[in-house]
Amino acid sequence: INHIVQNGGLYKRPFNEAFEETPMLVAVLTYVGYGVLTLFGYLRDFMRQWKIEKCQNATEREEQKDFVPLYQDFENFYNRNLYMRIRDSWNRPICSVPGAKVDMMERVSHDYNWTFTYTGRVIKDIINMGSYNYLGFAQKAGPCQEAAAKVLSQYGAGVCSTRQEMGNLDKHEELEKLVARFLGVESAMAYGMGFATNSMNIPALVGKGCLILSDELNHASLVLGARLSGATIRIFKHNNMQSLEKLLKDAIVHGQPRTRRPWKKILILVEGIYSMEGSIVRLPEVIALKKKYKSYLYLDEAHSIGALGPTGRGVVEYFGLSPEDVDVMMGTFTKSFGAAGGYIGGKKELIDYLRTYSHSAVYATSMSPPVVEQIITSVKCIMGEDGTTVGEARVQQLAENTRYFRRRLKEMGFIIYGNEDSPVVPLMLYMPAKIGAFGREMLKRNIGVVVVGFPATPIIESRARFCLSAAHTKEMLDTALKEINEVGDLLQLKYSRRRLVPLLDRPFDETTYEETED
């Protein structure tokens, strides 16, 4: 009770997140489904070994039989016998701009998804519910495209050098100053790849003798960066502040293992929006703990920059906090800005240090000039520096689309994870057979969706993940919702037995449920 009372005052706005528990029957049936698939997988492996069934997967040659096998783990078994059955749900080739609607190349398989052949037909005008095009800047016409085309004719497509040699353009300098102004920080640095922004910069910030406290659901780029750093890594439960505070207390009380010396640095790694859960970090509480225990905070805003906050400045603005409270502000240009690359923002001393010591800065080729111009134009549009209110309208439209789409899905009876303001909307499927079925049925109805299973999620928490965009019109969303409702009835996906109760007197950081009779 004390925890609730203390933290209720940290939030200036309601903070509603829902993670409805998996119904027991559904969980049991999901495990049974995987069990049956595993048994048949072993049976088919036996048949392949004795040449009863044709073996189509890669195997060692006869002369290599005495070597240690390259593949002998569960994931390879999973790929052969489970993933292969539903492989047609992924890597579908599109042949248009990934806007609100896309064109997709039709492909068929005659050997149960081991190989695909293209029919030559293009499926037109599929409603795109999968791309991270949050603000609709993935366009083939408009100010961003025109500006990028102009820069392409002046600078060319590539730079052919690193920033420290011959690859530092005036456009790069302009971009970094603009990003620093947009974020409200002293300085910023841009990188050519979003994944490498995390994986190559974390090792430059911490090393042996340092402690990293990482959320259990952090992105693979943060996990890789933490492992490459050589620092000690401890995991706290997702968005659980009691778990984080316990780790911070233990780190300060006990220090390093064996020597008991104090840690050189303690770095907390969190994301703004978690891309598989649709949840938003409890940033006010994280900052309060960071200040209390004198640690550092690394915030990955890959999905939240542009998508949250009244003017699209991310999760810091969403909670009404100061950018100065976040030591390292990281984000990518691949989502809300319709481009490529990433950035790190913070104090000038931090950025100057990274320019010298970051592998991503020293060894990587500079960003392509047309891509840089796409980012500059889109950021200026969001900030209103292009003389229009288009950017502001897009941010508001995304927020409206998000709330409408989430509310409608919950009303239909689906289990939806995450925060009510998150444009990442996971719809729980659970059972392995329903992963492929949902993707195929939606494509039949001209809706392109992303379905996700193991190893990207826990093995029994398969889901469909919708990403909303400001480019989606209400008519598009209504069409998608109608088809989702129909497929939900067909595949019996409406598992929810609860509804959110908006109690006016509850603390802002607590979520209350009320059981409803079916």
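The name an unreviewed UniProt entry gives the protein chain is serine C-palmitoyltransferase, with Climacteris rufus as the organism. Its UniProt record gives the protein chain a comment under Sequence similarities (unreviewed entry), which states: "Belongs to the class-II pyridoxal-phosphate-dependent aminotransferase family." Check the Subcellular location (unreviewed entry) section of the UniProt entry for the protein chain; it says "Endoplasmic reticulum membrane".

A. The packing of helix H6 (residues 194-205) against helix H7 (residues 220-229), seen in detail. Taken N-terminus to C-terminus, the directions of H6 and H7 make an angle of 25°; their axes are 7 Å apart at the nearest point. For the element pair H6 / H7, the angle class is roughly parallel. Considering only the axes of H6 and H7, their crossing is right-handed. For the pair H6 and H7, contact is made by Phe195, Asn198, Ser199, Met200, Ile202 and Pro203 and by Ala220, Ser221, Leu222, Leu224, Gly225, Ala226, Leu228 and Ser229, respectively. Looking at the contact of H6 with H7 residue by residue, the class counts come to nine nonpolar, five polar and no charged.

B. Broad picture of the packing of helix H14 (residues 390-412) against helix H16 (residues 474-491). For the pair H14 and H16, interaxial distance at closest approach is 11 Å and the crossing angle is 20°. By the angle class used here, H14 and H16 are roughly parallel. Considering only the axes of H14 and H16, their crossing is right-handed. Only Lys474, Leu477, Asp478, Leu481, Ile484 and Asn485 of H16 make contact with H14, whose side of the interface consists of Asn401, Tyr404, Phe405, Arg408, Leu409 and Met412. Within the contact of H14 with H16, the residues separate by chemical class into seven nonpolar, two polar and three charged.

C. How the structure looks around the sheet that holds strand S15 (residues 462-467). Strands sit in the order S12-S15-S14 across an open sheet of three strands; the sheet is antiparallel. The open sheet terminates on both sides in strands that have one partner only, identified here as strand S12 (424-430) and strand S14 (450-452). With strand direction ignored, the average angle separating the axes of adjacent strands in the sheet is 25°. Both S14 and S15 contribute to a ladder of three bridges, which runs antiparallel. The residue bridging valine 452 from the neighbouring strand is arginine 463, located in S15. Most of the contacts of H14 go to S12, to which it runs at about 20°, and overall it touches S12 and S15. Helix H15 (residues 432-444) rests against S12, S14 and S15 of the sheet, and its axis sits at about 130° to S12.

D. Molecular detail of the UniProt feature "transmembrane region" (unreviewed entry) in the protein chain. As annotated in UniProt, the feature "transmembrane region" (unreviewed entry) corresponds to residues 24-43 in the numbering used here. Span residues 24-43 is 100% helix and 0% strand, its end C-alpha atoms 29 Å apart.

E. Just the environment of glutamine 397, in detail. Tracing the sequence through the fold places glutamine 397 in helix H14. With a relative accessible area of 29%, glutamine 397 lands in the partly exposed category. Considering only alpha carbons, one finds glutamine 397 and leucine 135, 262 residues apart in sequence, at a separation of 8.5 Å. For glutamine 397, the residues in contact, after removing those within four places along its chain, are Ala470 and His472.

F. Quick peek at the pairing of strand S10 (residues 342-346). Judged by how many residues are buried, S10 sits mostly within the fold: five of five residues are covered. Every second residue of S10 is oriented toward a common face, with Gly342, Ile344 and Gly346 on one face and Tyr343 and Gly345 on the other, all of them buried.

G. Representation of the UniProt feature "domain: Aminotransferase class I/classII large" (unreviewed entry) in the protein chain in the model. Residues annotated by UniProt as "domain: Aminotransferase class I/classII large" (unreviewed entry) correspond here to residues 124-484. Across residues 124-484, the secondary structure splits into 42% helix and 17% strand, with the terminal C-alpha atoms separated by 19 Å.

H. Structural detail: the nonpolar core. In this structure, Met129, Phe405, Leu409, Phe438 and Phe466 are the most contacted members of the largest nonpolar core, which totals 105 residues. For phenylalanine 438, the residues in contact, after removing those within four places along its chain, are Leu429, Val449, Val451, Ala464, Phe466, Val487, Leu491 and Leu493. By size, the runner-up hydrophobic cluster in this structure holds 21 residues, among which are Ile202, Leu205, Leu222 and Ala226.

I. Here's a closer look at unusual backbone geometry. In this structure, the amide linkage connecting phenylalanine 454 to the following residue, proline 455, adopts the cis form with an omega of 5°. Tracing the chain through its elements places proline 455 in the loop between S14 and S15. The phi dihedral of lysine 51 falls on the positive side, at around 65°, and the residue is not glycine. In this structure, lysine 51 sits in the loop between helix H2 (24-49) and helix H3 (74-81). For lysine 51, a relative accessible area of 71% corresponds to the exposed category. A positive phi angle, close to 55°, is found at asparagine 91, a residue other than glycine.

J. Looking closely at helix H9 (residues 283-292). Counting buried positions along H9 gives seven out of 10 residues, so the element sits mostly inside the fold. Every buried residue of H9 is listed here: Leu283, Pro284, Glu285, Val286, Ile287, Leu289 and Lys290.

K. Structural view of the sheet that holds strand S2 (residues 101-108). If you walk across this open sheet you meet the three strands as S2-S3-S13, and the pairing is mixed. Strands at the two margins of the open sheet, each flanked by one partner only, are S2 and strand S13 (447-448). Pairing of strand S3 (residues 117-128) with S13, which is carried by two bridges, proceeds in the parallel orientation. In the strand pairing of S13, isoleucine 127 is matched with isoleucine 447.

L. Summary view of the pairing of strand S5 (residues 211-215). Counting buried residues in S5 gives five out of five residues, a clear majority hidden from the surface. Here S5 shows no split at all, with Leu211, Leu213 and Asp215 on one side and Ile212 and Ser214 on the other all buried. Bridge count between S5 and strand S7 (residues 266-271): four bridges; the pairing is parallel. By the bridge assignment for S7, leucine 211 is matched with isoleucine 266. Sheet topology places S5 next to strand S6 (residues 232-236); five bridges connect them, and they run parallel. Bridging from a neighbouring strand, leucine 213 pairs with arginine 234 of S6.

M. Expanded view of a nonpolar patch on the surface. The grouping of Met24, Val28, Val32, Val36, Leu39, Phe40, Leu43, Phe46, Trp50 and Ile52 at the surface amounts to a nonpolar patch, some 1,100 Å² of accessible area in total. Assessed through its relative accessible area of 42%, valine 36 is described here as partly exposed.

Rules and cut-offs
Residues numbered from 1 in each chain as written. Predicted model: local features only at pLDDT ≥ 70, side-chain atom pairs only at ≥ 80, totals over all residues. Heavy atoms only, no water. UniProt positions renumbered as here; feature names shortened; annotations may be inferred. Axes fitted to C-alpha atoms, helices over the stretch in contact; angles between N-to-C directions. Helix = DSSP H or I, 4+ residues; strand = E, 2+ residues; numbered from the N terminus. Parallel < 35°, antiparallel > 145°, perpendicular 65-115°, else oblique. Left-handed = near helix turned anticlockwise from the far one by under 90°. Contact = heavy atoms within 4.5 Å. Nonpolar A, V, L, I, M, F, W, Y, C, P; charged D, E, K, R; others polar. Pairing = 2+ DSSP bridges. Buried < 20%, exposed > 50% of the residue type's maximum accessible area, 1.4 Å probe, protein only. Core = buried A, V, L, I, M, F, W, Y, C linked by side-chain atoms within 4.5 Å. Patch = residues over 30% accessible without salt bridge, like charges linked within 9 Å, V, L, I, M, F, W, Y side chains within 5 Å. Areas by Shrake-Rupley, 256 points an atom, 1.4 Å probe, with all protein chains shown as cover. Salt bridge = Lys/Arg side-chain N within 4 Å of Asp/Glu carboxyl O.

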